[in-house]
Amino acid sequence: MKKTLTIGSILTQKEMKEALKLHKKAETHNFAERCAAEIIRPVIDRINKYTGQENDPLYLAYCVEYAILKSGEGLHS
């Protein structure tokens, strides 16, 4: 069964703030890699438990980047 999740349901407010801060200072080409390494990988066990499946940290980081860009909080905002 396919689940629909929001970024806010898998990352804490603190983690989202860290992601926003990272996005504002990251180079456009390396945000996802840095987000995966610095924010998502340290908490991937919690995310996997919450979702009930194994998740790819880099894929989730791309989802976070997409959500940030869609929210208007993207680079140079």
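Owing to the predicted nature of the structure, the values given are computational and were not obtained by experimental measurement. (Residues numbered from 1 in each chain as written. Predicted model: local features only at pLDDT ≥ 70, side-chain atom pairs only at ≥ 80, totals over all residues. Heavy atoms only, no water.)

Notes on the packing of helix H2 (residues 13–25) against helix H5 (residues 57–71)
Pairs of packed helices are described in terms of their axes, by the angle between the two and the distance that separates them.
Moving on, step 1. Where H2 meets H5, the axes come as close as 11 Å, and the angle between the chain directions of the two elements is 75°. As summarised for this structure, H2 and H5 are arranged roughly perpendicular, according to the angle between their axes. Contacts between H2 and H5 involve Met-16, Ala-19, Leu-20 and His-23 on the former and, on the latter, Val-64, Glu-65, Ile-68 and Leu-69.
Moving on, step 2. For the contact of H2 with H5, the class distribution of residues is six nonpolar, one polar and one charged. (Axes fitted to C-alpha atoms, helices over the stretch in contact; angles between N-to-C directions. Helix = DSSP H or I, 4+ residues; strand = E, 2+ residues; numbered from the N terminus. Parallel < 35°, antiparallel > 145°, perpendicular 65-115°, else oblique. Contact = heavy atoms within 4.5 Å. Nonpolar A, V, L, I, M, F, W, Y, C, P; charged D, E, K, R; others polar.)

Some remarks on the nonpolar core
Moving on, step 1. Counting residues in hydrophobic clusters, the biggest one holds 19 residues, and the most contacted among them are Leu-11, Phe-31, Cys-35, Ile-39, Ile-40, Ile-47 and Val-64.
Moving on, step 2. Taken together, the elements giving at least two residues each to this core come down to helix H1 (7–10), H2, helix H3 (31–40), helix H4 (44–51) and H5.
Moving on, step 3. A total of six residues in this core trace back to one element, the largest contributor, which is H3.
Moving on, step 4. Excluding its chain neighbours within four sequence positions, the residues that come into contact with Ile-40 are Cys-35, Ile-47, Pro-57, Leu-60, Ala-61 and Val-64. (Core = buried A, V, L, I, M, F, W, Y, C linked by side-chain atoms within 4.5 Å. Buried < 20%, exposed > 50% of the residue type's maximum accessible area, 1.4 Å probe, protein only.)

Looking at the side chain of Asn-55
Moving on, step 1. Within the fold, Asn-55 resides in the loop between H4 and H5.
Moving on, step 2. Taking relative accessible area as the criterion, Asn-55 reaches 15% and is therefore assigned buried.
Moving on, step 3. Of note is the side chain of Asn-55, whose polar atom sits 2.9 Å from the side chain of Asn-48.
Moving on, step 4. There is a polar contact of 3.0 Å between the side chain of Asn-55 and the backbone oxygen of Gln-53.
Moving on, step 5. Those residues in contact with Asn-55, other than ones at most four positions away along the chain, are Ile-44, Ile-47, Asn-48 and Leu-60. (Polar contact = N/O pair within 3.5 Å; in protein donor to acceptor, adjacent residues only side chain to side chain.)

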